[in-house]
Amino acid sequence: GQTNLKSPQDIQVYVVNTNFTLRWNYTGNDTSVTFSAQYRWSEDFETNETEWKELPGCQNVTRTECDFSSAITEYYDTHHVRIRAERREEVSPWSSIFEMIPYCIAQIGPPGIELQSINGVIKITVSPPEANQVRKMWIDHLHFKYDLVIWENSSNAEFRSQSVFPTDIIDDLAPDTTYCLKVQATLPLESQKGLFSPIRCVKTTRKVNDLLCAINVSVLALNMKFHLHWNNQYKQHVSYNVQYLIGYLKKLHDDYSGKWLNVPGCKNITDTQCNFSSIITTISGSYYLRVQAMNEYNKSCLSNEVKVDPLITNEIGPPGVNVDISDVLLHIRISPPGGSESEVMRDHYDLSYRVLYWKNSSNNEEEIKVKEIKQTIGTVSDLTPSTLYCVKVQAFSEVYNKSSHYSREECIKTPGDKILPLIILATFVTALIAVLLVAMPLVFALYQAYSKIKHVFFPSCQPPLNIEGFGGQLFSSPFLSITEELIENCSIIETVTTEEVNQINFKDYKHSKQSSRDSGNYSNDDDTSGSKVPEETLVKEIV
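All of these numbers come straight from a predicted model, not from anything done at the bench.

(A) Up close: the overall build of the protein chain. In terms of regular secondary structure, the protein chain is built from 7 helices and 33 strands. Looking at the 543 residues of the protein chain, the share that counts as buried comes to 36%. Accessible surface, the protein chain: about 34500 Å² in total, of which carbon and sulfur atoms supply 52%.

Okay, here's the thing in C-alpha cells:
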C-alpha cells in the first residue's frame, strides 16, 4: 500500500467562455508518469453522498494540463476537481480538492471583428465572443460593450481608445495610412473585461470631398428644445432630409441601415436648420441624426452622424427672477428654466440656484454676496434702508455638472429707515411726560401760594364798617358774635381829605347809608329797631 509517487500540486482551472482547462504542477522525478482527474458537482456536498466520477478529457494524460470542456454543463453550480499521478499499478495520493463555480471564474473570450476601408474611414463589424457556439456562458450578448484600441502601424505609434458598436464607423483617420486595431468585450454591470481579439490591420483610402454633402452638422439644445444646424457648400439648388435613428438599434448585431426615419417637418427643406424636439420622446435613451442632401438630379449624399443624449446634450437656460421687498426682507421668486411647463428641467436635473445680490451704489468695492438655495423662493435679510439692491440668479445641476448663464439683473430700493422717527417720537413723548410730571406740582404749589397771598393782602371784599372801628382804630376782636349770622358785607372805602369831606352832600350819603341798611348789609345793626343814626356818627365814619 505504500508508494513513492508524489501528488500533483497547485491545482487550477481556467475558464474562457465555455472552455475549461485544468492545470497543475508536478515536482517528482519519476518517469512514465501519467495523470488522471475526477470531479463531482452538486448543490450539497455536506452529505458526502455524491460520488466522484472520472473527468472526461483528463484521463491518463502525460502533460500537466487537460481540457474538460465537454464535462461541464451546469455553469452556476459548485464543482469539485481532484487529480493524482499514476505509473502502471502504482498511484499517488489524491491532490487537494479544487472548488469552483464556473460562471464566477469564467473569463470573457475575444470577440470576432471584420474591417472594411471605404472613403477615408474604416467600417468595423464586431461579433460577440460566443457567436458560433451552441452552449453559451454569457446568455444575453446585448449586455456586451466593446472597447477598441487603434494605432498607426509605425515605430512611434500613438494608441487611441474608444467605444464602438457592433457595426460602426471609425473616422478622423489619415488617408493612405495603415492602421492596426484590437477589440475587447466587457460587461460593465459585472465589472468584467474580456480578452482582446487578434490584432487586425487595414489601410485607409482617400476621402472624396463631395460638395453636395452637408458639413459641420451640430446640435444646439436649450431647455429641452433641440435644433440641428449644418452648413451648405453646394452652389446650386439642394434640398435636405433630416433623418434619425433610435440609439438602442445600434447596440444590436443586426443591420440597421434601413431603420433610419425622417424627422417630421424636416423633409425636402431648403433651410440649414431643423427643429427635431418632437422626436425626443424619452430622455433615458440616445438618438442619432444625419442630413441627406439631394440635388435636382436626385443625387444624394449623407453627412456625418451626430449623437444626442437628451439630458447631456441639452443646456440649461437662465431662470426668471422677480424681487419684492418688505420692511426687513428682500423676497426673491425664481422661475425654473424653460418655464413652468418644463417638467423635465425640474424633475430630472435636480436644479439648485445660485443667487448673487449686492448694493448698487457708486462704491465699486461693494461686496457681491452669494447664496445657494434649492427652492424657488428665497429671502435676504440685514438690509440697509434707502438702498438699491440688485439680484441675479444662476441655475445649476450638480448631477450633470451643468450651469446656466445668469439671469438679467433685477433691482429694487429698500424703504427709508422707520426706526429713527420712532425713536425721536418716543423721546419727545417721554420728555413731554417728564416735563408735565415736574411742572404740575410746581404750578399747583405756585397757584396755592398765589391764592393765599391774594386772599391775605388783596381780599375781594372788606369787613363791614361797624367792625372796622372808628377814628382809624381797628376793632380789637376779629371774631363775630356766635349768635349773629355770618354774612359777608362788602363796601367800597374811599380815602378823602378833610377838604373833600366838606363838599360831600350829606343828604346823598345818608340816602346811600339808608339804602344799605334797608338791604340788610350790616349784620351788627338792629334790624328790628329801625332807628336812625345821628349825623355826628356819620361824619365820624366818613372821616
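(B) Inspection of the sheet that holds strand β9 (residues 106-107) at higher detail. The 4 strands are arranged β5-β2-β1-β9 in an open sheet whose pairing can be described as mixed. One side of each edge strand has no neighbouring strand; the edge strands of this open sheet are β5 (65-67) and β9. Summarising the sheet, strand β2 (residues 19-25) and β5 pair through 3 bridges and their orientation is antiparallel. The residue of β5 that forms the bridge with T21 is D67.

(C) Examining the packing of aromatic side chains more closely. Applying the stated rule across the entire model yields 12 aromatic pairs. An aromatic cluster is present here, built from F20, F68 and Y75 joined pairwise through their rings. Positioned above the aromatic ring of W94 is the side chain of R82, whose terminal nitrogen or guanidinium carbon lies 4.3 Å from the ring centre.

(D) Spotlight on the sheet that holds strand β10 (residues 112-118). Within the open sheet, the 3 strands sit side by side as β10-β11-β14. Their pairing is antiparallel. Because the sheet does not close on itself, it has two edges, and the strands there are β10 and β14 (167-170). Across the sheet, the mean angle separating the axes of adjacent strands is 25 degrees when strand polarity is ignored. In terms of strand pairing, β10 meets strand β11 (residues 121-127) through 7 bridges, oriented antiparallel. Residue pairing for β11: Q116 is matched across the bridge by K123.

(E) Looking closely at the state of the cysteines. The tally for this structure, following the rule as stated, stands at 5 disulfides. Disulfide pairing is shown between C266 and C274; the S-S distance is 1.9 Å. Residues C266 and C274 are joined through a disulfide that is right-handed, its torsion about the S-S bond being 95 degrees. For the pair C266 and C274, a shared accessibility class is recorded, and that class is buried.

(F) A nonpolar patch on the surface, seen in detail. On the surface, L425, F428, V429, L432, I433, L436, L437, V438 and M440 cluster together into a nonpolar patch covering about 910 Å² of accessible area. Examined against the element boundaries, V429 turns out to sit in helix α4 (residues 419-457). A relative accessible area of 37% means that V429 is categorised as partly exposed.

(G) Expanded view of the pairing of β11. Remark: 2 residues form the turn of the hairpin made by β10 and β11, two consecutive strands paired antiparallel; N119 in that turn has positive phi of roughly 50 degrees. Alignment of β11 against β14, held across 4 bridges, turns out to be antiparallel. Bridging from a neighbouring strand, T125 pairs with T167 of β14.

(H) Here's a closer look at the pattern of salt bridges. A full pass over the atoms with the stated rule returns 11 salt bridges. We note a salt bridge from E86 to R84, for which the minimum N-O separation is 3.3 Å. A relative accessible area of 21% places R84 in the partly exposed class. Across the pair R87 and E90 runs a salt bridge, and its minimum N-O distance is 3.1 Å.

(I) Inspection of the pairing of strand β15 (residues 178-187) at higher detail. When you tally the buried positions in β15, you get 8 out of 10 residues, the bulk of the element. Pairing of strand β12 (residues 145-152) with β15, which is carried by 8 bridges, proceeds in the antiparallel orientation. Note that in β15 the partner of I150 across the bridge is L181. Bridge count between β15 and strand β17 (residues 200-203): 4 bridges; the pairing is antiparallel. Of the residues in β17, the one forming a bridge with L181 is R200. Judged from the 3 bridges that link them, β15 and strand β16 (residues 192-196) form a sheet pairing that is antiparallel. The residue bridging T186 from the neighbouring strand is K193, located in β16. What sits between the antiparallel neighbours β15 and β16 is a turn of 4 residues, in which S191 has the positive phi angle 55 degrees.

(J) Layout of the nonpolar core. One finds L228, W230, V263, F276, L289, L330 and I332 to be the most contacted residues of the largest nonpolar core, which totals 51 residues. The two domains that each donate at least three residues to this core are domain 3 (215-313) and domain 4 (320-414). Residues within four places of L330 in sequence aside, it is in contact with V323, D324, I325, G378, T379, V380, L383, Y389, V391 and I412. The next biggest cluster of nonpolar side chains, apart from the first, holds 48 residues, and it includes F20, Y146, I170 and V183.

The rules behind these values
Residues numbered from 1 in each chain as written. Predicted model: local features only at pLDDT ≥ 70, side-chain atom pairs only at ≥ 80, totals over all residues. Heavy atoms only, no water. Helix = DSSP H or I, 4+ residues; strand = E, 2+ residues; numbered from the N terminus. Buried < 20%, exposed > 50% of the residue type's maximum accessible area, 1.4 Å probe, protein only. Areas by Shrake-Rupley, 256 points an atom, 1.4 Å probe, with all protein chains shown as cover. Pairing = 2+ DSSP bridges. Phe/Tyr/Trp six-rings, centres within 6.5 Å; stacked < 30°, edge-to-face > 60°. Lys NZ or Arg CZ within 6 Å of the ring centre and 35° of its normal. Axes fitted to C-alpha atoms, helices over the stretch in contact; angles between N-to-C directions. Disulfide = S-S within 2.5 Å. Patch = residues over 30% accessible without salt bridge, like charges linked within 9 Å, V, L, I, M, F, W, Y side chains within 5 Å. Salt bridge = Lys/Arg side-chain N within 4 Å of Asp/Glu carboxyl O. Core = buried A, V, L, I, M, F, W, Y, C linked by side-chain atoms within 4.5 Å. Domains from an automatic or database assignment. Contact = heavy atoms within 4.5 Å.

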